[in-house]
Amino acid sequence: MTETAGALWLGSRTHVLLPNKNRQNRLGARQRNVWARKNISVILEEVAVVLLDVGPLMNPIREFAGKAICGFLQSKMLNKPTHEVELVYYGTTESDNPLNDELGEDQYMNITIEQELNFPDTSFLASVLSVAQGSGSSDFMDALTVAVDKLHRAVNDRPDLGKANVTKRVVLVSNFLDAAKEDPDDQFGSVLVDRMQDKNIRMEVISVDVPQYDSQFAAAKKSNFQLLNRILGGVTHALRRVSDPLDLLGAFKAKEYSATAYYSGPFRIADTMTIKVKVTKKSSHEKFPSTSKYSDRSRAADASHTVSLDTEFRCISNPDEVVAPEDRVKAYKYGKQTVPISAEEENHLKYLPEKDMQVIGFVALDQVPRHTYMKDTWLVAPEKENPRAHMAMSALARALDKTKKACIIRFVPRANQAVFVGCATPLLGDKDKPDCLVLNYLPFTEDVRHYKFTSFAAKEELSPTQSQLQAAERLVDALDLTQDGAEHLQPETTANPALHRFFAFMAARAVDPDARLPAQDLQVQHTLSCPFGHTPAAQAALEQLPQQFSVKQQAAPEFGADEGAAAAPELLENPQVEFKIGEATSTRVESVSTQSPVDDFKALVQQGQTHDAVEGLQKAVHTLVDTSLGDRFYNKAFGCIPPLREACIEHKKGTAFNTFLEQMASKYEHDRLRADFWKRVMEAKISLISNDELADVGVSRQESEAFVKQHTPGQQAETQAAAPMEVEEEDEFAGIE
């Protein structure tokens, strides 16, 4: 181990200790120059370096990872204008980073700085929405070294980044299937940890598990995690393992919020004790971003393009007379009467107490059922730098937990605001988090809705039988979201698909003003789907359920007029006729989608667009296979081939089908990740269309059979051995013809 000019050499690795002072700093220069000209002082809150693995082994999930990073960048652009981000790809074909430039082409290879440290803009979005596959090795340790080095350079060149209130972090997204260089004595890792601790750099790691591929690279992944765990053990970090690449949609929130106290003040227990607390939101419904009125009629350079709305009130008896504000007053409907009331009278009638938070009493937890909770959820935490408040809150929370009690609280978050009654339940912390209370609003009697329903016990036929109960129990067990040891659809990691679809379109439109509305996104569809719905146990439970709960059709009602009967004559004559909404509201199909490819294909054929239907279904098969995670979409893709073959025979498109089948053979037969799909096709004996099935197609029956034998695993050697005999037979038949 030798120390050279500004660098520490550890075998084949190099770690920079001091940045190159002569190197021109271009970090965030554009935006900072704008603010400097306008004399605007900006206090940065965070700098982040995003490391995205784009190596060959990330190819099946590269698109999903890019969308996840796009969500991360959007949250910064829209909600965190004082956060700077740098985008680094590793596993790229080329190399473009300072360490590679300064230490030689054989050091820190296949790492490219895609976007320099700056305030993210549409150029960042364009980069992650079109991530190109790299062909280099994905050494995450080298990439992490480049990221830490960049942060060191930035901090040394810009002293404001070295302040304790500026968060510095590295975000790493990879499947960790490409083995990093070994570090047996942990020399390199220990130096890297020291460099991160020196600048208080945090790490956030997202590891994407792909079970279908992980088994092939289990040794490499195990070795990588041993190296990674050594690094994480010495720094502040967050590690999240994503079991399904489609779950990457929830890796980053669509909108980031900082902890802001909604209430800060005393928490009174009677008149004898006070705890200094802060109340923040724990959960709140995230609404769609609101749109504002915009006008492009003004061509001025400094035009704001905003639209103002003014309302005028006019007298009914005299429309030309405008009613002045002082002549208007609110009125309330009181039965059939209208009661006017002035603003002063309205304020006087309101109950406007002082800001306060006080314990009313305690009740058993089962006396406050979950369905009585209203509105948002709040967190009541002790004041941060107040040990006595921590001690008192911990004692109260643990006493509630031990006695299984809830605390009923009178809460006025702001002076002269409405008073709320809440239920506070304990939330015990750990060495990093304090004990606190979770507050939920409770209803007043006017807020409760009472509805009466007939009891199931009132009629014997309404009570389920033992077999029906067992069928329901089997369904519950089969669809248990925790059956594989991990809880699926956790609120903390489940993204709102509507919000992400909206923001994804906004990103695409910001990059390309002519971007079209996106088609159905498989990642969005997967978000709220059952992960066990396709298992044999679930399928069996779902098939047994209709058998136990038979559905009886009610007799058709007697219509009082002839038009009622004429409205549905077929239904009245034959009550068993099945009515499908799709038949009544069918629309013209324009193309074959991956959502329902066979139905779209048949619809196009019926519309007379056979050529477009054949090409569209072929494209859909390739799309489904290429984007399939393991064999997830293989069934849907395989189900497209038989109807395609049948239609090609019927509409004399045999050559198109044969070309399609040969293309699939050359594309998937020797692809280690997609060979299983081709094997399934050959096991089903799907062969070329021969002259016996469609005249003048140019393929004999023997050639069609030989194609299956040639491309079926396990029969290829036998086919090759029998090839001379088959050739002789083909020549013999040709002579007979």
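Think of each chain on its own: its residues are numbered from 1, step by step along the sequence as written. For this predicted model, a pLDDT threshold of at least 70 governs which residues receive local features, and a threshold of 80 or more governs which side-chain atom pairs are given and counted, while totals over whole chains, interfaces and linings are taken from all residues. As a convention, hydrogens and water are excluded, and side-chain values are obtained from all of the structure's heavy atoms.

### Thoughts on the pairing of strand 5 (residues 83-90)
One face of the sheet, then the other: side chains in a regular strand alternate in exactly this way.
1) Next: Burial within strand 5 is extensive, with 8 of its 8 residues counted as buried.
2) Next: Where burial is concerned, the two faces of strand 5 agree: the one with His83, Val85, Leu87 and Tyr89 and the one with Glu84, Glu86, Val88 and Tyr90 are both buried.
3) Next: Looking at chain direction, strand 4 (residues 46-53) and strand 5 are connected through 8 bridges and run parallel. In the strand pairing of strand 5, Val47 is matched with Glu84.
4) Next: Classification remark: right-handed applies to a crossover when, strands pointing away from the viewer, the course from the first strand over the helix to the second runs clockwise. Helix numbers and strand numbers start at the N terminus; a helix is a DSSP run of H or I with at least 4 residues, a strand a run of E with at least 2. Since strand 4 and strand 5 lie parallel, the crossover through helix 2 (residues 62-79) that links them has a hand, and here it is right-handed.
5) Next: Bridge count between strand 5 and strand 6 (residues 111-118): 5 bridges; the pairing is antiparallel. Looking across to strand 6, one finds that Tyr90 is bridged to Ile111. Only protein chains enter the accessibility calculation, which uses a 1.4 Å probe; a residue whose area is less than 20% of its type maximum is buried, one above 50% is exposed, and one in between is partly exposed. Two strands form a pair only when DSSP identifies at least two bridges running between them.

### Notes on the sheet that holds strand 17 (residues 420-427)
1) Next: In spatial order, the strands read 10-11-15-18-17-16-14; together these 7 strands close into a barrel with mixed pairing. Averaged over all pairs of adjacent strands, the angle between strand axes in this sheet comes to 40°, irrespective of strand direction. Whenever a helix is involved, its axis is fitted only over the stretch in contact; in every case the axis is a line through C-alpha atoms, and angles between N-to-C directions fall within 0 to 180 degrees.

### What about the confidence of the model for the protein chain?
1) Next: Here the protein chain averages 81 in pLDDT, and 85% of its residues register 70 or above.
2) Next: Segment residues 559-586 is flagged for pLDDT under 50; beyond a separation of four residues in sequence, or across chains, it makes 10 contacts in the model.
3) Next: The pLDDT value expresses, per residue, how confident the predictor is, ranging between 0 and 100. Only heavy atoms enter the contact rule, under which two residues are in contact if any of them lie within 4.5 Å. Contacts from residues 717-737, a stretch scored under 50 in pLDDT, to residues over four places away or in other chains number 8 contacts.

### Considerations on the packing of aromatic side chains
1) Next: Two rings belonging to Phe, Tyr or Trp (six-membered ring only in the last case) form a pair when the distance between their centres is within 6.5 Å. Interplanar angles under 30 degrees mark stacking, angles over 60 mark edge-to-face geometry, and anything in between is tilted. Going through the model one piece at a time under the given rule, you end up with 12 aromatic pairs.
2) Next: Ring centres of Trp378 and Tyr441 lie 6.3 Å apart, and the angle between their planes is 25°; this geometry places the pair in the stacked category. On the criterion of sequence distance, the pair formed by Trp378 in strand 15 (residues 374-382) and Tyr441 in strand 18 (residues 436-441) is long-range, its members being 63 residues apart.
3) Next: Residue Tyr441 is classed as buried on the basis of its relative accessible area, which comes to 4%.
4) Next: For the ring pair Phe502 and Phe503, a centre distance of 5.6 Å and an interplane angle of 75° mean the geometry is edge-to-face.
5) Next: Above the plane of the ring of Phe225 lies Arg241, whose end atom (NZ or CZ) is 4.4 Å from the centre. In this analysis the charged atom, NZ for Lys or CZ for Arg, is taken to sit over a ring once it is within 6 Å of the ring centre and within 35 degrees of the ring normal.

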